[in-house]
Amino acid sequence: KEAAFLRLDTAAFYFYLSSVSFRCCSRWVDAGQSLIRCAEVHLKAKMSMEAAVLYTESSEILMKVDREEAKRSCKKAVAIYCDMGRFDVAGRMERKMAQTEFHMGHWEEASQHYRKAANFLAGEMMLDQSDACIEKSAECYINMHELLDAQRMFVMMAEG
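Residues numbered from 1 in each chain as written. Predicted model: local features only at pLDDT ≥ 70, side-chain atom pairs only at ≥ 80, totals over all residues. Heavy atoms only, no water.

Caption draft 1: Representation of helix H7 (residues 127–143) within the structure. With 17 residues, H7 should cover 24 Å at 1.5 Å per step; its first-to-last C-alpha distance of 24 Å lies within 8% of that length. Tucked into the core, H7 has its buried residues touching helix H5 (87–104), helix H6 (107–123) and helix H8 (147–159). (Helix = DSSP H or I, 4+ residues; strand = E, 2+ residues; numbered from the N terminus. Expected span 1.5 Å × (residues − 1). Contact = heavy atoms within 4.5 Å.)

In structure tokens form, the structure reads like this:
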């Protein structure tokens, strides 16, 4: 068992080192993929927190060049944080994805991410942040001209 862990640890180290080298050369896709592989190695070693952090880091790097791959990486990180019971971090990551979608004008996706973020944050008793996410979700509905859904979101926020 110790030899298997040492092999995984060595593999993770070299994947992370390659990511740093790729970043120095501005090869963002390769840097992000190296971090994803490093995260997968950490998952095999049952080191969930490290894997989640690496998926988050890869998402930030890949956001520069490949938004779809960045979203996949971010979703994996959110799933890991949820499995660990860290809903506050998962909520912040969902809010970050929502902000990205909002700035790109993808109102429906942004609204969904804001609602997920609001649910995660409300579960952790971060009610101010949850209300802010609900308000942004309603703003997305307004931009989509779905005023009844926006009204429902505002009423839900007021009742809360």
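Caption draft 2: Inspection of the pattern of salt bridges at higher detail. For the structure shown, the criterion picks out 10 salt bridges. Arginine 72 is the partner of glutamate 69 in a salt bridge, and the nearest nitrogen-oxygen pair spans 2.7 Å. Pair noted here: glutamate 69 and arginine 72 are both in helix H4 (residues 67–84), with a separation of 3 residues, about one helical turn. Taking the relative accessible area as the measure of exposure, glutamate 69 reaches 16% and is therefore buried. (Salt bridge = Lys/Arg side-chain N within 4 Å of Asp/Glu carboxyl O. Buried < 20%, exposed > 50% of the residue type's maximum accessible area, 1.4 Å probe, protein only.)

Caption draft 3: Inspection of the nonpolar core at higher detail. By size, the foremost hydrophobic cluster in this structure holds 24 residues, and its most contacted members are Tyr55, Val78, Tyr81 and Met93. The contact partners of methionine 93, leaving out residues within four places of it in the chain, are Thr56, Cys74, Ala77, Val78 and Tyr81. Counting 14 residues, the second largest nonpolar core, distinct from the first, contains Ala110, Ala118, Cys140 and Ala150. (Core = buried A, V, L, I, M, F, W, Y, C linked by side-chain atoms within 4.5 Å.)

Caption draft 4: Structural view of the state of the cysteines. If you walk through the whole model with that rule in mind, you get 0 disulfides. Cysteine cysteine 38 is unpaired, with the sulfur of cysteine 24 as its nearest cysteine sulfur at 16 Å. Classification of cysteine 38 by relative accessible area gives buried; the value is 2%. Between cysteine 140, a cysteine without a disulfide, and cysteine 133, which holds the nearest cysteine sulfur, the sulfur-to-sulfur distance is 10 Å. You can call cysteine 140 buried: its relative accessible area is 0%. (Disulfide = S-S within 2.5 Å.)

Caption draft 5: Structural view of unusual backbone geometry. The phi torsion at methionine 125 lies on the positive side, around 60 degrees, for a residue other than glycine. By secondary structure assignment, the location of methionine 125 is in the loop between H6 and H7. Accessibility expressed as a relative area gives 65% for methionine 125, which makes it exposed.

Caption draft 6: Focus on helix H2 (residues 28–44). With 17 residues, H2 should cover 24 Å at 1.5 Å per step; its first-to-last C-alpha distance of 25 Å lies within 8% of that length. Within H2 the residues assigned to the buried category are Ala31, Gly32, Ser34, Leu35, Ile36, Cys38, Ala39, Val41 and His42.

Caption draft 7: Up close: a nonpolar patch on the surface. On the surface, a cluster of nonpolar side chains totalling about 330 Å² of accessible area is made up of Phe13, Tyr14 and Leu17. Here phenylalanine 13 is to be found in helix H1 (residues 2–24). (Patch = residues over 30% accessible without salt bridge, like charges linked within 9 Å, V, L, I, M, F, W, Y side chains within 5 Å. Areas by Shrake-Rupley, 256 points an atom, 1.4 Å probe, with all protein chains shown as cover.)

Caption draft 8: Expanded view of the environment of aspartate 30. Counting through the fold element by element, aspartate 30 comes out in helix H2. In this structure aspartate 30 comes out as partly exposed when scored by relative accessible area, which is 26%. Sequence separation between aspartate 30 and leucine 62 is 32 residues, and the spatial gap between their C-alpha atoms is 9.1 Å.

Caption draft 9: Broad picture of the packing of aromatic side chains. Here the structure, examined in full by the defined rule, presents 4 aromatic pairs. Plain terms: the ring middles of phenylalanine 13 and tyrosine 14 are 5.3 Å apart, the flat faces sit at 70 degrees to each other, and that makes the pair edge-to-face. Ring geometry for phenylalanine 102 versus tryptophan 107: centroids 5.1 Å apart, planes at 75 degrees, classification edge-to-face. An aromatic cluster is built from Phe102, Trp107 and Tyr114, whose rings are joined through pairwise contacts. One Lys or Arg, lysine 64, reaches over the ring of tryptophan 28 and ends 3.9 Å from the middle of that ring. The side chain of lysine 136 reaches across the aromatic face of phenylalanine 102, ending 4.1 Å from its centre. (Phe/Tyr/Trp six-rings, centres within 6.5 Å; stacked < 30°, edge-to-face > 60°. Lys NZ or Arg CZ within 6 Å of the ring centre and 35° of its normal.)

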